[in-house]
Amino acid sequence: MPADPATDAALSIDARLRDAIAARASAAAGLEVDPATVALTLPKQAGHGDQATNIAMVLAKRAGKNPRELATQITEGLAEDLGDRLAKIEVAGPGFINLTFGDPLLREALAAVAGAGRAWGGGTAALTERVNVEFVSANPTGPMHIGHARNAAYGDATARLMAFHGHEVEREYYVNDFGSQVKNLGVSISARARGEEVPEGGYQGEYVTELAESIPGAAEQSVEELSALGVEAMLERARRTLDRFGVHFDRFFSERSLHEPAADGGPSALDRALEIVKGNGELIERDGAWWLQTEKRGDDKDRVVIRATGEPTYYASDLAYMRDKHDRGYDRQLLVLGADHHGYIGRMRAAFEAFGGDPEHLELLIMQLVNLVANGEPVKMSKRAGQFVTLDDLVDFVGVDAARWYLLQRSHDTAVELDVELARKESSENPVYYVQYAHARCCSVLDRVSSSARALADGLATDPAVLLGLAAPIEDAERALILRLGEFPTEVAVAADRRAPHRIATYALELSQTFTAFYRDCKIAGAEGDGVEAWRAALTLATRDTLATALELLGVSAPERMERRDEEPAAEAA
RNA sequence: GCGCCCGUAGCUCAGUGGAUAGAGCGCCUGCCUCCGGAGCAGGAAGUCGCAAGUUCGAAUCUUGCCGGGCGCGCCA
């Protein structure tokens, strides 16, 4: 996929700097320097410039030179090469080179962002991969709980992120519509339909009674029929819940279908997969059962695929399912699994390799737990007793935007605590509203900008060069905002590569803060000075689009105006 | 016992080799004749679990220990 040209232009600012630095560093150190290896970072410390590189320190040892001395030589060369694009360049600390951009370079940077619009930050993947992301895959035997909520939010946001970065992504839900749990659901519905207690080990939840009531003549139906109808109903319910949560799958893949004969009447996908691993010498018979020899591939022990009874295990389905996805030609399979599945990594990898898959192309992403807290007390969740905090409950309670934000703002591999009371009570002050507010503020300010300035700013999408002619000096808050916007493509790339959508949430918050500081320090609508209003409108426009993109990657809405919320009624006198 | 994840401010958590470790919430002090105060400015608050090691440089990499979560079925 070709990257957007405007994004290219901005990256080329970065690339041009790298090239220049690499050339001078190479000459000074007497070593080959690949521009791609030049680290350019935005220093967090004010006074350390707009970009910094540690190249002199990295090369010092190999070059046999003092880092500061090396840095000084590189600096002198760069100052000569880059002219007024640099306002300042200096050696600092142990050998950092700090660069401060000149106004011409800052204008080029903003022109690139503004020109790209909603495409800014995307499409920079070096090569496009076909990626299958399997997530949620909750058993259709019960409502989706808070753990599924985190899995859903994460899988979906990761898919959005990778697609935006430049990959072809498909979302897939594996439906466990086969086996003893499904039968168990049928048994439980049947019991409720006949007004009896659910047998030991059955599903106790209220929803089972609801299912029984919703199925006409349930008391007379067979367990098999009730199982099928129950699964169908639960799946439909899951679809509606996910839809409401902003998560849409490309495919619901039935486990049962793996067990059915092929379209041509040939063996099932499961049988074919087993034949393949058997042919590869991966199966062994022992104690009357068939085992996949996973231990030799790093698993704790071998795993049964066909029980002594002749029944395939759940693991056999997993094997066939991975094989099916593999045959569909994806470059990469991502599986988003719950915390309680981390013990499966070994056997899943082993299975993938057993049929000839390249382990590099399988990624198992483990979600850590969400601990729900209400009023400072942990919320107990018992599937047995049928007590859930469901995904629907969460959305009802705090709304889709806050729910997704809270579930996505932290790394997937750290356990998080979510205080639902707090999330709702503080909803007017929590970070997601702050970011949305910044977006709404961009929109509302742009409405107040003069039509001529607005026209100039809007024209940038087609002609970014307009900005370059503006002469007014760039102020600190404007500089900070441009640099922040300029980070977005790198942030997207890192977040996508690390499957870390929470970085986008962090970035969105930082961008919002930077914009708010700009808004405070620089008057936008009606600003004095030649072209200043248009220039600031362009900055606002670029911020609005980048915030909207960031929020969209998280699946959080970007409203053009926030509803004026009435003050909470003062603690009622009761 | 073995395996995976985590230990950073009062709380919830960012930060996967760089400079004086950050944010949100909470707390304290200020700011509404000014583009939306759902806001802004400032402040208090940290032995980055502990100890060694690697390096010019470690919250970050290695090892050991301590503490917490989760998992170790011919269940799904």
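Just so we're clear, the structure is a prediction, and the values are computed from it rather than from any experiment. (Residues numbered from 1 in each chain as written. Chains lettered and ligands numbered in written order. Predicted model: local features only at pLDDT ≥ 70, side-chain atom pairs only at ≥ 80, totals over all residues. Heavy atoms only, no water.)

J.: For this particular structure, what's the right way to read the pattern of salt bridges?
T.: Should their charged atoms come close, side chains of opposite charge can pair. Inspection of the entire model under this criterion finds 38 salt bridges. The salt bridge involving R499 is made with E363; its shortest N-O contact spans 2.7 Å. Placement of R499 in the loop between α18 (476-497) and α19 (502-521) and of E363 in strand β11 (residues 362-366) is noted, with a sequence separation of 136 residues between them. Both residues of the pair, R499 and E363, count as buried. Linked through salt bridges whose partners overlap, the residues forming this network are R130, E170, E172, R251, D324 and R328. (Salt bridge = Lys/Arg side-chain N within 4 Å of Asp/Glu carboxyl O. Helix = DSSP H or I, 4+ residues; strand = E, 2+ residues; numbered from the N terminus. Buried < 20%, exposed > 50% of the residue type's maximum accessible area, 1.4 Å probe, protein only.)

J.: Sorry, what's going on with the confidence of the model for chain A here?
T.: Here chain A shows a mean pLDDT of 90. Residues at 70 or above account for 94%. Every residue in residues 1-6 is under pLDDT 50, and counting partners more than four places away or in other chains gives 11 contacts. Contacts for the low-pLDDT stretch residues 566-574, under 50 throughout, to residues beyond four places or in other chains number 0 contacts. (pLDDT = per-residue confidence, 0-100. Contact = heavy atoms within 4.5 Å.)

J.: I would appreciate a short explanation of the packing of aromatic side chains in the present structure.
T.: The way to describe two aromatic rings as a pair is by their centre distance and the angle between their planes. Considering all chains together, one arrives at 11 aromatic pairs under this definition. Note that R347 overlies the ring of Y344, its terminal NZ or CZ placed 4.2 Å from the centroid. (Phe/Tyr/Trp six-rings, centres within 6.5 Å; stacked < 30°, edge-to-face > 60°. Lys NZ or Arg CZ within 6 Å of the ring centre and 35° of its normal.)

J.: What is the right way to read the packing of helix α4 (residues 103-116) against α18 from this model?
T.: Helix packing for two helices is described by the angle between their axes and how far apart those axes are. Closest axis-to-axis distance for the α4/α18 pair is 10 Å, and the angle between their directions is 50 degrees. When the axes of α4 and α18 are compared, the pair comes out oblique. You can see that α4 and α18 cross each other, and the crossing is left-handed. Side by side, α4 and α18 meet where D103, L106, A109, L110 and V113 of the first sit next to R479, I482, L483 and L485 of the second. (Axes fitted to C-alpha atoms, helices over the stretch in contact; angles between N-to-C directions. Parallel < 35°, antiparallel > 145°, perpendicular 65-115°, else oblique. Left-handed = near helix turned anticlockwise from the far one by under 90°.)

J.: Sorry if this is basic, but what is going on with the protein's contact with RNA strand B here?
T.: Among the 64 residues in the neighbourhood of RNA strand B, the closest are listed as H342, Y344, R410, Y519 and E563. Taking the atoms of RNA strand B that fall within 4 Å of the protein, sugar and phosphate contribute 61% of them. In the environment of RNA strand B, a phosphate oxygen lies 2.7 Å from a nitrogen or oxygen atom belonging to the side chain of H502. Taken together, the elements giving at least two residues each to the surface near RNA strand B come down to α2 (55-63), β3 (96-101), α6 (180-193), β8 (289-292), β14 (416-419), α16 (431-448) and α19. Here the surface near RNA strand B takes 8 residues from α19, the largest share from any one element. Classifying every residue of the surface near RNA strand B by side-chain character gives 25 nonpolar, 18 polar and 21 charged. (Near = heavy atom within 4 Å. Polar contact = N/O pair within 3.5 Å; in protein donor to acceptor, adjacent residues only side chain to side chain. Nonpolar A, V, L, I, M, F, W, Y, C, P; charged D, E, K, R; others polar.)

J.: Teacher, can you tell me more about the domain arrangement of chain A here?
T.: Where interface size is given, it is often the accessible area lost as the parts come together that is meant. Its domain assignment divides chain A into domain 1 (5-101) and domain 2 (431-554). The centre of domain 1, based on its C-alpha atoms, is set 27 Å off from the matching centre of domain 2. Domain 1 puts 5 residues into the contact, and the matching count from domain 2 is 4 residues. When the two sides are added together, the surface that domain 1 and domain 2 hide from each other amounts to roughly 450 Å², 66% of it contributed by carbon and sulfur. There are 1 salt bridge connecting domain 1 and domain 2. Two residues, R479 and D50, come together in a salt bridge whose shortest N-O distance is 2.5 Å. Taken together, the connections running from domain 1 to domain 2 amount to 2 residue pairs in polar contact (both at pLDDT 80 or more). (Domains from an automatic or database assignment. Buried area = accessible area lost by both parts, 1.4 Å probe.)

J.: Explain the sheet that holds strand β12 (residues 370-374) here, please?
T.: Sheet strands line up and pair through hydrogen bonds in the backbone, either parallel or antiparallel. The sheet built from 3 strands is open, its strands ordered β13-β12-β14 with mixed pairing. Two strands in the sheet have a free side with no partner beyond their single neighbour: β13 (377-378) and β14. (Pairing = 2+ DSSP bridges.)

J.: I would appreciate a short explanation of the packing of α18 against helix α20 (residues 532-554) in the present structure.
T.: Following both chains from N to C, one finds α18 and α20 inclined at 30 degrees, their axes separated by 11 Å at the closest point. Our classification of the angle between α18 and α20 gives roughly parallel. In terms of crossing hand, the pair formed by α18 and α20 is left-handed. Contacts between α18 and α20 involve E478, L481, I482, L485, F488 and V492 from the former and W535, R536, L539, A542, T543, T546, T549, A550 and L553 from the latter. Among the residues making up the contact of α18 with α20, the classes are represented as 10 nonpolar, 3 polar and 2 charged.

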